[in-house]
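Chain and residue survey
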Amino acid sequence: MKQPRYLGSKILYLLAHWIKDDEWYVKMRYRLYVGKKLNLNNPQTYNEKLCWQKLYDHNPLYTTMVDKYAAKEYVANIIGDKYIIPTIGHWERPEEIDWDKLPNQFVLKTTHDSGGVIVVKDKDSLNKAKAIAKLNKCLKSDNYAVTREWPYKNVHRRVIAEQYMEDSKTGELRDYKFFSFDGEVKAMFISQDRGKAGEEVKFDYFDADFNHLDIHQYHDAGKSAPEKPVCFDEMKMLASKLSKGLPQVRVDFYEVNGKAYFGELTFFHHGGIVPFTPEKWDYTFGSWIKLPKEKRI
């Protein structure tokens, strides 16, 4: 049955821009990826509740929070500027980038999607034409149409350049992603080996006290669990602050040379369509979300 579902998901993706019924689309996408019927009347699991939020929790603030440029000011107003990775420049179109004013190392990304990232470690060796082509392609992508994740529908699409960051101990920029529920962090996972040649990304899950959890979701865990980050308690506290008043949000941080930096805010971890192994964790995470009593659409 997996192969027909795989083919069905590809067909649905190709038809996404022509399908206008959001509820039908979300239900069908969930069925194809998860292999189960989506319960929107009485959602119980984490993935079901994320899908409910896609359709019925349209808080206008969410758009600012997922905008990779606008979110920086929003977050800085809550936890302070020192946690924000400096923005070097921003442009409406990649053709407007003044390459001469950029440092030798930097990161380019688009503000509305997850794939438009270009890490530049040596500006002189950068193929600028190729970079511009990639950014233009990303700017045309419509994350909302494909996922129906409402916060992305009205994000101001643009290109930003950020300061290049790398931790000297790990030799990479590890993600520390905190699952936060109305001011309380319940779990987190560490993403490592992202972008390493010949390596697959590894996801290791932990509870709020940094006890390793036997959770597998999309990516395998590492052969050995990563060390507890120096800034774990600080990042956990900051994630709690940023999630206060929200049913749920995943708050991502980086740790660079013993200092915490804000990464992004994500409302739909894995799009709400990736099963947990063991399945019990889908229900456990779901129990932590208290959905709004009234729909906001």
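Higher on the page you've got the structure.
Quick summary incoming for the structure in this document. Everything quoted here is computed from the prediction, not taken from an experiment. (Residues numbered from 1 in each chain as written. Predicted model: local features only at pLDDT ≥ 70, side-chain atom pairs only at ≥ 80, totals over all residues. Heavy atoms only, no water.)

**Quick look at the pattern of salt bridges**
- With the rule as written, the count across this model stands at 18 salt bridges.
- Ionic pairing is found between Lys 121 and Glu 166, a salt bridge with its closest N-O pair at 4.0 Å. Linking Lys 121 in the loop between strand E3 (117-120) and helix H6 (128-140) with Glu 166 in the loop between strand E4 (159-163) and strand E5 (175-181), this pair joins segments that are 45 residues apart in sequence.
- You can call Lys 121 partly exposed: its relative accessible area is 49%.
- Of the charged contacts in the structure, one is a salt bridge between Lys 169 and Glu 227, with a shortest N-O distance of 3.1 Å. Here Lys 169, found in the loop between E4 and E5, pairs with Glu 227, found in the loop between strand E8 (212-213) and helix H8 (232-243); they are 58 residues apart in sequence, far enough to count as distant.
- The class for Lys 169 is exposed, based on a relative accessible area of 65%. (Salt bridge = Lys/Arg side-chain N within 4 Å of Asp/Glu carboxyl O. Helix = DSSP H or I, 4+ residues; strand = E, 2+ residues; numbered from the N terminus. Buried < 20%, exposed > 50% of the residue type's maximum accessible area, 1.4 Å probe, protein only.)

**Thoughts on the nonpolar core**
- Residues Phe 178 and Phe 253 are the most contacted members of the largest nonpolar core, which totals 49 residues.
- The contacts of Phe 178, once residues within four sequence positions are left out, are Val 185, Ala 187, Met 188, Phe 232, Met 235, Lys 236, Ala 239, Val 249, Arg 250, Val 251, Asp 252 and Phe 253.
- Counting residues in hydrophobic clusters, the runner-up holds 15 residues, among them Trp 91, Trp 99, Leu 108 and Val 159. (Core = buried A, V, L, I, M, F, W, Y, C linked by side-chain atoms within 4.5 Å. Contact = heavy atoms within 4.5 Å.)

**Observations concerning the environment of Asp 233**
- Tracing the backbone shows Asp 233 in helix H8.
- Classification of Asp 233 as exposed rests on a relative accessible area of 54%.

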